[in-house]
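Chains, contacts and geometry: an overview
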Amino acid sequence: MKMQRKLMPAAALALAAMTGAPPAGAAEPDYQALNTVLVENYVLPRYEAFAEATAALDDALVEACADGRPTPAEAGAAYHAAMDAWMAVQHLRFGPALLFLRYDRLEFWPDTRGVVRRHLAQLLSEQKAEALEPQTFASGSVAVQGFPALERLLYDSEPETWSSPFGCAVVRAIGANIESIGAGLLADWRDGDQAFAQVVLSAGDGNTHYFDAKEASLDFAKSLRGALLLVQDYKLGRPLGKTADAALATRAESWRSARSLRNVLINLTAAQTLYQGGGDASLSSMTRAQPRGAELDETVRAALQRLIDAVEAQPESLVKALEAPEGWQKLDAIRVEARQLLELLGGPLSEVLGLPMGFNSYDGD
């Protein structure tokens with residue numbers, strides 16, 4: 001693990017916010033070039049990797065169930081690989097991800113009312129084989145279809161509560177469902193005349209989905225902010241609470257499989273690549289090209305790297321991180337910096353790029 005860098009004080013971010021806005025008459029960014037690079041070099045490779053990882057997970061679960069009870073030793077590596085791939089696209093909450101409730105079916109979280117536990121218990125107790133038929137399962141409760149239910153089955157401390165031939169059938173149904181969603185996401189983005197990649201690339205050219213290329217770029221900008229909002233508000237905010245005494249690690253995402261902060265790290269790395277990847281056609285390069293944008297770009301890049309370094313300095317398990325000396329304080333410092341960066345993205349950066357990313361699909365969830 002890297003040594004944790006000192007997180008940026010609020011005053012420094014406030015100074016950056018004051019100096020980031022460009023003067024009137026700044027050149028219009030090349031949104032079309034940005035969209036092309038992001039679709040070809042960012043979105044499609046990530047959904048290809050997700051489809052491959054979910055197919056491998058499905059295979060691993062089928063093989064692991066051959067002895068009647070899958071365990072982390074048998075299927076854990078495939079589970080983690082698929083979760084890694086999901087974390088890398090989790091913030092892309094537009095387009096095909098919103099079709100057919102795919103997003104919620106992959107990960108019904110946060111689950112504030114224990115719906116996954118209750119619906120999974122009901123499914124296991126009723127033992128209706130017809131409920132596991134692919135079409136029936138996919139149209140049933142979203143709470144039992146994705147990664148949270150699978151994590152509970154693989155990593156439950158009391159496997160005797162579900163370990164049975166039917167329990168394994170449920171595991172296989174979840175694996176097949178996740179694989180089907182992964183394949184569907186990739187196909188909808190990449191394949192055929194109606195591929196969403198073409199919708200993005202043809203924005204403004206007889207395209208009824210996007211008025212122009214700038215509107216398509218806005219979805220990517222909102223995804224950048226969405227990744228930070230996920231980290232700050234949900235993945236750290238919910239388990240940390242307002243004080244150390246109010247912290248509850250079991251509110252964290254993927255706490256059973258001890259990968260809550262691994263998820264955060266992948267989210268942040270994906271956000272960093274979304275912002276500064278792509279060479280001459282990136283959100284970062286577009287920011288630098290604007291008057292007084294170089295300082296703002298440097299501030300955003302530095303903040304993203306500090307966040308990544310700070311999370312890398314923690315264990316993958318948020319439970320263990322909270323148990324460490326001053327663990328809550330260190331995680332809260334990460335949360336504070338993420339919140340400050342969100343303010344920078346929603347204010348000065350939005351103004352510089354001409355992309356009002358202040359509202360995101362996560363807001364108000």
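For the structure, check the block above.
None of the values given here were measured: they were computed from a predicted structure.

**Focus on the packing of helix 2 (residues 31-64) against helix 11 (residues 260-276)**
Put simply, helix 2 and helix 11 touch, their axes get as near as 10 Å, and they point 160° apart. The angle between the axes of helix 2 and helix 11 places the two elements in the roughly antiparallel class. The interaxial crossing formed by helix 2 with helix 11 has right-handed handedness. Facing helix 2, whose interface residues are Leu 38, Tyr 42 and Arg 46, helix 11 presents Ala 270, Ala 271, Thr 273 and Leu 274. In terms of residue class, the contact of helix 2 with helix 11 is made up of five nonpolar, one polar and one charged.

**Considering the layout of surface pockets**
The space that makes up the largest pocket amounts to roughly 370 Å³. Forming the boundary of the largest pocket are 21 residues, of which Trp 109, Asp 111, Thr 250, Trp 255 and Arg 256 lie nearest the centre. Of all the elements in the fold, those that place two or more residues in the lining of the largest pocket are helix 3 (72-87), helix 5 (115-126) and helix 7 (147-155). The leading source of residues in the lining of the largest pocket is helix 7, at four residues. Partitioning the lining of the largest pocket into residue classes produces nine nonpolar, three polar and nine charged. Two domains each donate at least three residues to the lining of the largest pocket, and these are domain 1 (33-199) and domain 2 (212-353). Its volume calculated, the second largest pocket comes out at about 180 Å³. Lining the second largest pocket are His 119, Gln 122, Leu 123, Glu 126, Lys 128, Ala 131, Thr 136, Phe 137, Gly 140, Ser 141 and Val 144. When residues of the lining of the second largest pocket are assigned to their parent elements, the largest contribution, four residues, is made by helix 5. The residue inventory of the lining of the second largest pocket, partitioned by class, reads four nonpolar, five polar and two charged.

**Examining the pattern of salt bridges**
Applying the stated rule across the entire model yields 10 salt bridges. Of the charged contacts in the structure, one is a salt bridge between Arg 190 and Glu 48, with a shortest N-O distance of 3.8 Å. With Arg 190 in helix 8 (residues 165-190) and Glu 48 in helix 2, this residue pair connects regions lying 142 residues apart in the sequence. With relative accessibility at 38%, the residue Arg 190 sits in the partly exposed group. Using a relative accessible area of 28% as the deciding quantity, one classes Glu 48 as partly exposed. Connected through salt bridges with shared partners, the residues Asp 84, Arg 259, Arg 262 and Glu 316 form a single ionic network.

Thresholds, definitions, all that
Each residue is numbered by its place in its chain's sequence as written, counting from 1. Totals for whole chains, interfaces and linings use every residue, but because this is a predicted model, local features are given only for residues with pLDDT of at least 70 and side-chain atom pairs only at 80 or more, for both listing and counting. Side-chain metrics rest on all non-hydrogen atoms present in the structure, leaving aside hydrogens and water. In this analysis an axis means a line fitted to C-alpha atoms, helices contributing only their contacting stretch, and an angle means the value between N-to-C directions, from 0 to 180 degrees. Numbering of helices and strands runs from the N terminus, with a helix taken as a DSSP run of H or I at least four residues long and a strand as a DSSP run of E at least two residues long. Should an angle lie under 35 degrees it is considered roughly parallel, over 145 roughly antiparallel, and from 65 to 115 roughly perpendicular; all remaining angles are considered oblique. By convention, the crossing between two helices is left-handed when the near helix turns anticlockwise from the far helix through less than a right angle, and right-handed when the turn is clockwise. Every residue pair with non-hydrogen atoms within 4.5 Å of one another is taken to be in contact. Amino acids are sorted into nonpolar (Ala, Val, Leu, Ile, Met, Phe, Trp, Tyr, Cys and Pro), charged (Asp, Glu, Lys and Arg) and polar (every other residue, Gly among them). Space inside and on the surface of the protein is sampled on a 1 Å grid over the protein atoms alone, with a cavity defined as a set of points where a 1.4 Å probe fits but cannot get out and a pocket as an open set with protein on both sides within 12 Å along at least 5 of 7 lines; lining residues have an atom within 4 Å of a point. Grid points are joined across faces, edges and corners, and a volume is the space filled by probe spheres set on the points. The start and end points of each domain follow an automatic or database-based domain assignment. Put simply, a salt bridge is a Lys or Arg side-chain nitrogen that is within 4 Å of an Asp or Glu carboxyl oxygen. Relative accessibility thresholds used throughout: buried, under 20% of the residue-type maximum; exposed, over 50%; partly exposed, between the two (1.4 Å probe, protein chains only).

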